[in-house]
Every structure is written in C-alpha cells, then in structure tokens.
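# Structural overview
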Amino acid sequence: CVQTLGCSLEDAVRAEAKMLPQVANSVRRDKAEVVCAELRAKLGLSDHEMRKLVLRVPTVLTLNMDKNVNPKLDWLQERLDLSRDELKKICLTLPATLAYSVDKNLEPKLSYF
C-alpha cells in the first residue's frame with residue numbers, strides 16, 4: 001500500500017523500519033489496501049494525506065477497521081461533536097489516535113477536562 005500511495009522505495013523502507021519486525025512481516029497488501037480505502041472514504045483523505053498518515057504511523061495498516069478504527073472515529077466524532085473535516089484534522093495531526101484505546105486512553109483524558 002505504501003508504494004501504491006506513490007511513496008518511494010526509500011519512504012517504504014523508512015515506514016517499515018518504524019514497525020516491529022513481526023508487525024512489518026504480518027502486513028498483508030490486501031488488508032493494507034482495505035484500510036487505506038476505508039480511511040480515505042471515512043475521512044475524505046486525498047492521496048497526499050493518506051500517504052502522510054501512513055508514513056507517520058505505518059502500523060495503521062494493521063488496524064482492524066470494523067472492530068477498532070470505525071467505532072473509535074464514530075466515538076470521537078460524537079464525543080467531541082466534530083465535523084468530518086475536524087475529525088480528519090485530528091487524524092492527520094496525530095495519526096496515532098487511530099491506535100489509541102477509547103476506554104484506556106481517550107475517554108480518561110477527555111474526562112479529565
């Protein structure tokens with residue numbers, strides 16, 4: 001998926017280096033393409049924005065959209081009353097948000113304020 005996003009081989013190697021070896025070896029192209037397609041659709045990401053997100057946090061390609069990412073994005077949007085563009089901005093600014101646990105990370109932090 002990294003190369004299909006128009007990344008150079010150097011970018012792909014750099015992105016892979018950010019992952020644990022067992023995680024990098026487990027990334028399947030078909031799953032990565034599904035994640036990219038669903039994130040593009042959900043957040044309205046351009047090719048450039050999708051590439052930026054994946055290069056910053058390549059492990060996003062391993063996430064389960066149905067079990068983790070979509071419910072998390074829906075929760076964030078509802079909890080913070082965000083528009084699609086505002087949700088997109090959060091994900092592009094801090095892509096690791098996609099991997100955070102709602103119960104163990106996001107909700108406790110937001111409840112503090």
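All of the points below concern the structure found in this document. (Residues numbered from 1 in each chain as written. Predicted model: local features only at pLDDT ≥ 70, side-chain atom pairs only at ≥ 80, totals over all residues. Heavy atoms only, no water.)

This paragraph deals with the pattern of salt bridges. Per the counting criterion, the structure on display carries four salt bridges. Ionic pairing is found between Lys 88 and Glu 49, a salt bridge with its closest N-O pair at 3.1 Å. Of the two residues, Lys 88 sits in helix 6 (residues 84-93) while Glu 49 sits in helix 4 (residues 47-56), which places them 39 residues apart along the sequence. Assigned by exposure class, Lys 88 and Glu 49 land together as buried. As a salt-bridge pair, Arg 79 and Glu 107 come within 3.4 Å of each other at their nearest N and O atoms. Pair noted here: Arg 79 is in helix 5 (residues 65-79) and Glu 107 is in helix 7 (residues 102-112), with a separation of 28 residues, a long-range link. By relative accessible area, Arg 79 is classed as partly exposed at 35%. (Salt bridge = Lys/Arg side-chain N within 4 Å of Asp/Glu carboxyl O. Helix = DSSP H or I, 4+ residues; strand = E, 2+ residues; numbered from the N terminus. Buried < 20%, exposed > 50% of the residue type's maximum accessible area, 1.4 Å probe, protein only.)

Below, the discussion takes up the nonpolar core. Most often, soluble globular proteins have nonpolar side chains that are buried together. Core analysis: the largest hydrophobic core is formed by 24 residues, its most contacted members being Leu 39, Met 50, Leu 53, Val 60, Leu 73 and Leu 98. Sorting the residues of this core by element identifies helix 3 (29-43), helix 4, helix 5, helix 6 and helix 7 as the ones contributing at least two each. It is helix 3 that contributes the most residues to this core, five residues altogether. Setting aside residues no more than four positions away along its own chain, Val 60 makes contact with Val 35, Leu 39, Leu 53, Val 54 and Leu 98. (Core = buried A, V, L, I, M, F, W, Y, C linked by side-chain atoms within 4.5 Å. Contact = heavy atoms within 4.5 Å.)

Right, let's talk about the side chain of Asn 70 for a bit. Within the fold, Asn 70 resides in helix 5. Excluding residues that lie within four positions of it along the chain, Asn 70 makes contacts with Glu 38, Lys 42 and Met 65.

Let's shift gears to the packing of helix 3 against helix 6. How two helices sit against one another is set out by the angle between their axes and by the gap between those axes. Their axes nearest at 9 Å, the elements helix 3 and helix 6 cross at an angle of 135°. What the angle tells us is that helix 3 and helix 6 run oblique. Touching Arg 40, Ala 41, Lys 42 and Leu 43 of helix 3 are Arg 84, Leu 87, Lys 88 and Cys 91, all from helix 6. In terms of residue class, the contact of helix 3 with helix 6 is made up of four nonpolar, no polar and four charged. (Axes fitted to C-alpha atoms, helices over the stretch in contact; angles between N-to-C directions. Parallel < 35°, antiparallel > 145°, perpendicular 65-115°, else oblique. Nonpolar A, V, L, I, M, F, W, Y, C, P; charged D, E, K, R; others polar.)

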